[in-house]
Amino acid sequence: MTPVQIALRALLVGFVVVLTVITGFAYGSFLERKLLARFQGRIGPNRAGYLPIPQRGRKERKLLGGVLQPAADAVKLFFKEDLTPTKADKWIYTLAPMMAAIPAIMILGVIPWAGKITIFGSLFSPYFAIAPGINVGILFILSLASIGVYGVVLAGWSSNSKYAVLGGIRTTAQMVSYELALGLSVLIPVMMANSLDLGEIVEAQRGGWFFVQFIAAFVFFIATLAEMQRSPFDLLEAEQELSAGYMVEYGGMRFGMFFMSEYMAMISYSAIMATLFFGGYRGPFVDTYPALGFLYILGKTLIGVVLMIWIRATLPRFRYDQLMNFGWKSLLPISALNFILTATFILLKEEGIVGPFIDSVLKFFVG
Amino acid sequence: MGNPILFLILAAVAVIAAVMMVRSRNAIYSALFLVLNFVTIAVLYLILNAPFIAMVQITVYAGAIMVLFLFVIMLLGAEKLQGFEESSKGQLWIAAFLAVVLIATFAVALIQGDPSSSGAVAGLDSSPSNLGLHLFKAYVFPFELTGVLLLAAMIGVVVLSRNSAKRGKDA
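Residues numbered from 1 in each chain as written. Chains lettered and ligands numbered in written order. Predicted model: local features only at pLDDT ≥ 70, side-chain atom pairs only at ≥ 80, totals over all residues. Heavy atoms only, no water.

A. Summary view of the interface of chain A and chain B. Counting residues at the interface gives 23 residues for chain A, matched by 21 residues for chain B. Where chain A abuts chain B, roughly 2,000 Å² becomes buried across the two surfaces, and 81% of that area is made up of carbon and sulfur atoms. If you sort the residues of chain A by the area they bury against chain B, Tyr150(A), Trp157(A) and Ile169(A) come out on top, with a joint share of 30%. The interface formed by chain A and chain B contains zero salt bridges. Applying the counting rule to chain A against chain B returns one residue pair in polar contact (both at pLDDT 80 or more). At the level of elements, helix H3 (90-106), helix H4 (137-147), helix H5 (149-158) and helix H6 (162-193) of chain A are the ones that each hand at least two residues to the side of chain A that touches chain B. (Contact = heavy atoms within 4.5 Å. Buried area = accessible area lost by both parts, 1.4 Å probe. Salt bridge = Lys/Arg side-chain N within 4 Å of Asp/Glu carboxyl O. Polar contact = N/O pair within 3.5 Å; in protein donor to acceptor, adjacent residues only side chain to side chain. Helix = DSSP H or I, 4+ residues; strand = E, 2+ residues; numbered from the N terminus.)

Right under this line is the structure:
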């Protein structure tokens, strides 16, 4: 293919994927409200839209009450008055929501959604992604994760409000601290697959999921929660202390963009976790029917998102010193130790130094 | 070196961002222009077929170092430099002179250099695995030396912060 064709295809695939995930964001927020309500013994949003099921002799049954709630929310956000605080820094105040949303969307670029597949007569090889075959895919994700902090920090600073600045400062320290644990835990699948390409990492899980490295998987999950500022790491928007933290001065669709970036990040990090540790698009019969890959990765992603919501309903928020102690004194040493042990094992295995006994044990674990 | 038009656009953005970084009176704006400059340079690395360097550039410089800069600026509240004048009047002229010297050096290097050797750089295998092999085989000693240097800096910070904490307790 010529470069122009490659670019056009990437645009087309990107359009479809981003639209799908934006729909996913809308229903992710609905899912969160519904699930949180259920966890707390409430019903949740159930007014906007339903599927009428006619019943003989009685009033019709209302199924799936509230399915149109995301649409109603979107309309509300779009038609709200677009306020800018008088003392805010106009340029950066406008820029900040975009800086939050753009990295969250860009991460979708390298996630493989299916294996080698033919759709409408065009072959997607080596796998189906917006930008397949990037040999630094993992680094791309890490760099976007590190860029993501700007949106929050700039929102906090430009609003010219004490609460917002405090939220922004809290986030900076938190994200810089947890990035290290995130990076170290990501390196484990990289070492086991011997590649930085996400598609090759998925293919390397043919013999078994990398979840055998469950310590790395848990560290990754916790670190992503901290990177997204999801509960229990949501100190930056602690209602009781900072009202809404960095976004206290934002309203309308500008607030909507922060809201969107949070759910987009939830979906993409969850998809990345599925890719790195749970076999990505791989599952039964996926070699004969590659289209099943879409279902598998979407299902795995959904499980990850539900897990995040569940944790929000369960755990109380960390105190700031607990957050820092946990990040630096528990998470980082554990993932560093895990990293060194895994690297040593893989090296011993490759060099053929290990005896037959250890070799068989390794075969059992590493595959 | 890919598309010359693309390169010119990126170069213009990088230079303008650098100039704006020096000229703007607000430290936050300066930091943001520097971030823009770093990101543009990263894209230039991508054009030069060096994706690993590009990603590391964004992660380390734009993602870690500049975030800490912003953190410090916000904590100190030092973003506004009101009534700030150039510390020395001759600074601008010295800077202009040095810039001319630098450009002249570049020009001499470009004219006298062997243009055929630049093709060798573009043809290199710059994949992460090849880069890693070079780093840990040919350049392992400088690499480890850098590690020791960073460790020394880290220990220095720990020692300094320990001392100040103890002094605070005594007082």
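So, next bit.
B. Up close: the environment of Leu298(A). Of note, Leu298(A) is situated in helix H11 (residues 292-314). Between the C-alpha atoms of Leu298(A) and Ser270(A), which are 28 residues apart in sequence, the distance is 9.6 Å.

C. Local environment of the environment of Ala155(A). All names here are of chain A. Following the sequence through the fold, Ala155 ends up in helix H5. Exposure remark for Ala155: the relative accessible area of 0% places this residue in the buried category. C-alpha of Ala155 to C-alpha of Met99: the two residues are 56 residues apart in sequence and 9.3 Å apart in space. Here Ala155 is in contact with Ala96, Tyr150, Tyr246, Tyr250 and Phe258, once residues within four sequence places are set aside. (Buried < 20%, exposed > 50% of the residue type's maximum accessible area, 1.4 Å probe, protein only.)

Honestly, it's all geometry; don't read function into it.
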